[in-house]
Amino acid sequence: MSAVLTWAADLLVIAGVAVMTLGVLGFARMPDVYNQLHAAGKTVVLGLVTLLIATAVSIDLSGAARAVLTAAFLVVTAPVSAHAVARGAVLAREPMESGEVPGRDPAGGSSEEETADANADGR
Amino acid sequence: MHDAILYAAIVWTTLLLGAAVLLLLRPRSQPGRIAALDMITLILVALLVIFAKLTDESYYLDAALALALLNFIATLAFARFSGRGRLFS
């Protein structure tokens, strides 16, 4: 059965490298930061997890434990990294592709007008 | 034959690394560059993992885990600095 396992591991390596290629290609083609984070934070990490599973299948037990640990760590921390970068972009007022800046304005301005209009409609 | 696939994967991942570095040098926004740095480090981790599978030595996976940890911390630090102008306020 080790021949089947070897071919399965090779297939997983090819799949992992293909998914990472799609991630880099997606990063290259996306117009703004918030879309690039989809490619860099999700797709590349999932390709990497596939590569780690391919390694865990075909290496000795202590190495397989380390590979699974690295994969679990990546699955837990990649969304946190992407969220931190997105939050840094919102705080730095990075515009989206359509030109508008996400996040609400600081105190004053349109939020006060909106609450005044809502109170007027309620009465 | 079995090693040829892994050698091809290493060559292709090195080409991906070159492409990612070019994407970093492309003049886009600063948070875009932080995301590109994150991606470069993940491609380096992938190189280490393929090499671990190629040579059947498990200590390359230790290096991969350490690089993934450092990537996480560095991305958080860069993003925090980019968002608020300093790290600890």
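For the structure given in this document, a descriptive report is provided here. No experiment lies behind these values; they were computed from the predicted model shown.

**What to know about the overall build of chain B**
In step 1: Counting its secondary structure elements, chain B contains 3 helices and 0 strands.
In step 2: Taken over C-alpha atoms, the radius of gyration comes to 16 Å for chain B, far larger than the 12 Å a tight globule of 89 residues would show.
In step 3: Projected onto its principal axes, the C-alpha positions of chain B cover 55 × 30 × 10 Å.
In step 4: With 89 residues in all, chain B has 46% of them scored as buried.
In step 5: Across chain B, every contact between residues at least 6 apart in sequence was considered, and the portion connecting residues at least 24 apart equals 52%.
In step 6: Counting 7 positive and 5 negative side-chain charges, chain B places the centres of these two groups 27 Å from one another.

**Brief notes about the interface of chain B and chain A**
In step 1: The partner chain A presents 48 residues to the 44 residues of chain B that form the contact.
In step 2: Together chain B and chain A conceal approximately 3,700 Å² of surface at their shared face, both sides included; 75% is due to carbon and sulfur atoms.
In step 3: Between the two partners, chain B and chain A, sit 1 salt bridge.
In step 4: Across the pair Arg66(A) and Asp62(B) runs a salt bridge, and its minimum N-O distance is 2.7 Å.
In step 5: Taken together, the connections running from chain B to chain A amount to 8 residue pairs in polar contact (both at pLDDT 80 or more).

**Re the side chain of Asn71(B)**
In step 1: Here Asn71(B) shows up in helix α3 (residues 59–84).
In step 2: Each residue touching Asn71(B), except ones within four places of it in the same chain, is listed here: Asp38(B), Thr41(B) and Leu42(B).

**Describing the nonpolar core**
In step 1: Phe27(A), Leu51(A) and Met39(B) are the most contacted members of the largest nonpolar core, which totals 53 residues.
In step 2: Elements represented by at least two residues in this core include exactly α1 (2–29), α2 (33–57) and α3 (61–91) of chain A together with α1 (2–25), α2 (30–55) and α3 of chain B.
In step 3: The leading source of residues in this core is α2(B), at 14 residues.
In step 4: Residues in contact with Leu51(A), not counting those within four places in the same chain, are Val13(A), Gly16(A), Val17(A), Met20(A), Ala46(B), Val49(B) and Ile50(B).

**So, α1(A)**
In step 1: Its 28 residues give α1(A) an end-to-end C-alpha distance of 40 Å, which sits within 8% of 40 Å, the value for a rise of 1.5 Å per residue.
In step 2: Buried residues along α1(A) sit in contact with α2 of chain A together with α1 and α2 of chain B.

**Some thoughts on the packing of α3(A) against α3(B)**
In step 1: One can describe the packing of α3(A) onto α3(B) by two numbers: an axis separation of 9 Å at closest approach and a directional angle of 10 degrees. Relative to α3(B), the element α3(A) lies roughly parallel.
In step 2: Considering only residue class, the contact of α3(A) with α3(B) consists of 16 nonpolar, 8 polar and 4 charged.

**Some details on α2(B)**
Residues and elements named next belong to chain B.
In step 1: Counted at 1.5 Å a residue, the expected span for α2 with its 26 residues is 38 Å, and the 38 Å between its end C-alpha atoms agrees.
In step 2: Counting buried positions along α2 yields 19 of 26 residues, so the element is predominantly enclosed.
In step 3: Looking at the residues trailing α2, positive phi occurs at Asp 56, about 55 degrees.

**So, unusual backbone geometry**
In step 1: Although it is not a glycine, Arg93(A) sits at a positive phi angle of roughly 60 degrees.
In step 2: Mapped onto the fold, Arg93(A) is located in the loop between α3 and α4 (110–122).
In step 3: Judged by its relative accessible area of 46%, Arg93(A) is partly exposed.
In step 4: The phi torsion at Asp56(B) lies on the positive side, around 55 degrees, for a residue other than glycine.
In step 5: Mapped onto the fold, Asp56(B) is located in the loop between α2 and α3.

Definitions and cut-offs
Residues numbered from 1 in each chain as written. Chains lettered and ligands numbered in written order. Predicted model: local features only at pLDDT ≥ 70, side-chain atom pairs only at ≥ 80, totals over all residues. Heavy atoms only, no water. Helix = DSSP H or I, 4+ residues; strand = E, 2+ residues; numbered from the N terminus. Rg over C-alpha atoms; globule rule 2.2 N^0.38 Å. Buried < 20%, exposed > 50% of the residue type's maximum accessible area, 1.4 Å probe, protein only. Contact = heavy atoms within 4.5 Å. Lys, Arg positive; Asp, Glu negative; His and termini not counted. Charge placed at Lys NZ, Arg CZ, Asp CG, Glu CD. Buried area = accessible area lost by both parts, 1.4 Å probe. Salt bridge = Lys/Arg side-chain N within 4 Å of Asp/Glu carboxyl O. Polar contact = N/O pair within 3.5 Å; in protein donor to acceptor, adjacent residues only side chain to side chain. Core = buried A, V, L, I, M, F, W, Y, C linked by side-chain atoms within 4.5 Å. Expected span 1.5 Å × (residues − 1). Axes fitted to C-alpha atoms, helices over the stretch in contact; angles between N-to-C directions. Parallel < 35°, antiparallel > 145°, perpendicular 65-115°, else oblique. Nonpolar A, V, L, I, M, F, W, Y, C, P; charged D, E, K, R; others polar.

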